[in-house]
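# Architecture and fold: a report
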4 protein chains.
Amino acid sequence: MDPIERLTTLFERFPGIGPRQAGRFVQFLLRSSPSVRRELVDSVQGLAHSVRQCPSCFRYHASESANCGLCANKNRDDSLLAVVASDADLFAIERSGTYNGRYFVLGGTVSLASEKMSGLRVAQLKKYVTSHKNLTEAVLAFPANPEGDATAIRIREELQEELPALKISMLGRGLSTGSELEYADADTLKNALDNRK
Amino acid sequence: MDPIERLTTLFERFPGIGPRQAGRFVQFLLRSSPSVRRELVDSVQGLAHSVRQCPSCFRYHASESANCGLCANKNRDDSLLAVVASDADLFAIERSGTYNGRYFVLGGTVSLASEKMSGLRVAQLKKYVTSHKNLTEAVLAFPANPEGDATAIRIREELQEELPALKISMLGRGLSTGSELEYADADTLKNALDNRK
Amino acid sequence: MDPIERLTTLFERFPGIGPRQAGRFVQFLLRSSPSVRRELVDSVQGLAHSVRQCPSCFRYHASESANCGLCANKNRDDSLLAVVASDADLFAIERSGTYNGRYFVLGGTVSLASEKMSGLRVAQLKKYVTSHKNLTEAVLAFPANPEGDATAIRIREELQEELPALKISMLGRGLSTGSELEYADADTLKNALDNRK
Amino acid sequence: MDPIERLTTLFERFPGIGPRQAGRFVQFLLRSSPSVRRELVDSVQGLAHSVRQCPSCFRYHASESANCGLCANKNRDDSLLAVVASDADLFAIERSGTYNGRYFVLGGTVSLASEKMSGLRVAQLKKYVTSHKNLTEAVLAFPANPEGDATAIRIREELQEELPALKISMLGRGLSTGSELEYADADTLKNALDNRK
């Protein structure tokens, strides 16, 4: 396989990228100056060298220290832990600017096909909740879809068994900002009515 | 203006219809059999003759009796009243199959430009809540947008003044079914965190 | 069936309208003033009374005279006839402002399922071409899809049999305005290459 | 700037990629095995080492020989040259399977802002047409947009001056496959009528 096809095939594995856009990426790199290609090579190699996984929350970061900036920050609330599926979900919550607790990245959601939790950091999460004595509540911040719900059920069981005193909550369900009732699905309206306040 | 243009102009006033689709409606009627056009004329005239507004909830209906089927239904829960902006929102909640209380159609939302409640059935709503003695809670079921929120604030004030003992709630806010955290806006994530449970 | 449901069902038969939008149309009419509903009734009745089909080109029009304005216009080129599937396609060509010939509305395209031309005005078209002595060319202006192509093949056969001297052409195929080669389908690129000039 | 931000910024320069998707690419690489990152580094470096520009048509390729496979292929028709803006447009024509001539990649289109042809391989194209004695026709295969049209005008002038005997054609314009007349723009309908056949 020649380098053009090889790189095209590789870009097709990037999330959301089809053959046509993969081909366009390769053309972009071919047309770019050598310094752009070198920058890409350096940055990808840099990921391997300077990015590490935080041993506390398991997100990827590039701090000099082992722990990430969020885990090292002493002003965050130790009593609250948001358990999220991915680094992207952690960023989404941080961007909202409304959460000041700690995070734990589970590494995915339960697959509905297999119902297995292999690959998820369940043991590490259990260790986190037992070793952080100030923790009083874990918020299961998973997506509002069947995979997220299945994950919440399983993680709740695991945490209750491990630490019965821990309060476990889930993100509120209801109308999302901007929703019209007319276009809301039945399940969302049910949640909005059940969670009225 | 010839009848084709006149009818096209009229269809352009229908919600969500532009000139091109309005023209297509006219072509459809031109190609249709006379019986289809007669059926349309009869149905529209029928609206005027047999459709009435329910004197209790103010939605439009075509029951033989003055009251609509929902207001006449003795199995609905008299203690709960959903105050909705429109007939369409009432239908959306009914379709969800999760609500068994009563309804009141306010007739719109506060316009943010004018902040006026003219055109809304505020006096009628006050009369409803004072005259239905079993009522204990009013759910302000408005859309999750600035107009809906402004309406809720004003209606809450009016109802509290009228009947301080009445519990007033709003539809729950949070992740709607199917939402990914990554794509949720900051306000929705804030609500989802605030309303965790 | 009550008038609301009856009218909703009727609007669902309008082109491109689903149950939800049909319901919104009915709500719109319910909320509208009686004069809007009367205007709709009058306009639809007006269609039946003052709209007629042109005996020459078969499009619908509302001129006082039997013939439509285009057929009555003496400045149009009698030597050229555009055969179109529908009134909407006739309007599209008129709007482009680049055609000064005559029109004939065939009333549809061949269905690929049945391959039948029933319902199409084939006999009337044959009569048109034999009775208009100045006519030298018929442009088969059908959509560039399989139905349009099948219709062109059949109509070409019929016209050649009827009037062998008549020149028969089809709309040019190739890149439409704004097309990028990268996104063009193979068939369009083939036509663009074949029809290069 | 840490490696995560640096790589995100770099991916944002890829065609069609915004900050969110750029972030997702980085997460994908972080979650991937080291071998995937190494493969990416190798492939990008491979582009620089084994990809060359064909000295005849100027497209990028990875053949062992200097000339690309298309230029080396003796079965292609030497009398016909498709002048295209980019490698992607060359691929699009090849994919259509309907062209057997030669190619020349101009390297872009005229910018409407500057109307300059700097950066385009005009001198190289002139040299191509004078040095290939079997060539009889150049097809200006540019996109059907204002930039493509401006480029065609300028290149036509240059080629006519250089080699007056050369036939110069453009891709056919008209309805693209699947087009309905109703949705076609006026310019496309004009071309379809002008190019009827």
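Provided above is the structure to which this section pertains.
What this report covers is the structure whose coordinates are included nearby. (Residues numbered from 1 in each chain as written. Chains lettered and ligands numbered in written order. Predicted model: local features only at pLDDT ≥ 70, side-chain atom pairs only at ≥ 80, totals over all residues. Heavy atoms only, no water.)

### As for the interface of chain B and chain A
Each partner contributes to the interface: chain B provides 42 residues, whereas chain A provides 42 residues. Where chain B abuts chain A, roughly 3800 Å² becomes buried across the two surfaces, and 57% of that area is made up of carbon and sulfur atoms. Per-residue buried area on chain B facing chain A is highest for B:L181, B:L193 and B:R196; these three make up 17% of the total on that side. For the pair chain B and chain A, the interface holds 2 salt bridges. (Contact = heavy atoms within 4.5 Å. Buried area = accessible area lost by both parts, 1.4 Å probe. Salt bridge = Lys/Arg side-chain N within 4 Å of Asp/Glu carboxyl O.)

### Observations regarding the interface of chain C and chain A
Each side of the interface is counted separately: chain C has 4 residues, and chain A has 4 residues. Linking chain C with chain A are 2 salt bridges. Counting every contact that joins chain C to chain A gives 6 residue pairs in polar contact (both at pLDDT 80 or more). Among the residues forming the side of chain C that touches chain A, the class breakdown is 1 nonpolar, no polar and 3 charged. (Polar contact = N/O pair within 3.5 Å; in protein donor to acceptor, adjacent residues only side chain to side chain. Nonpolar A, V, L, I, M, F, W, Y, C, P; charged D, E, K, R; others polar.)

### Digging into the relation of the copies chain C and chain A
Mapping chain C onto chain A leaves a residual RMSD of 0.1 Å; the transformation is a rotation of 180 degrees accompanied by 0.0 Å of translation along its axis. Interpreted geometrically, this transformation is the action of a two-fold axis. The position closest to the rotation axis in chain C is occupied by the C-alpha of C:G16, lying 15 Å away. Of the interface residues in chain C, 100% have counterparts in chain A that sit at the interface too, so the contact is made through matching surfaces. (Least-squares fit on C-alpha atoms with pLDDT ≥ 70 in both.)

### Section: the sheet that holds strand β5 (residues 137–141) of chain B
Residues and elements named next belong to chain B. In spatial order, the strands read β4-β3-β5-β6; together these 4 strands make up an open sheet with parallel pairing. With partners counted over all chains shown, the strands left at the sheet margins are β4 (102–105) and β6 (167–170), one partner each. Strand after strand, the sheet turns through a mean of 25 degrees between neighbouring axes, direction not considered. As judged from the 5 bridges shared by strand β3 (residues 80–84) and β5, these two strands associate in the parallel manner. Residue pairing for β5: V83 is matched across the bridge by L140. Its contacts with the sheet put helix α5 (residues 87–96) on β3, β4 and β5, and the angle it makes with β4 is roughly 160 degrees. (Pairing = 2+ DSSP bridges. Helix = DSSP H or I, 4+ residues; strand = E, 2+ residues; numbered from the N terminus. Axes fitted to C-alpha atoms, helices over the stretch in contact; angles between N-to-C directions.)

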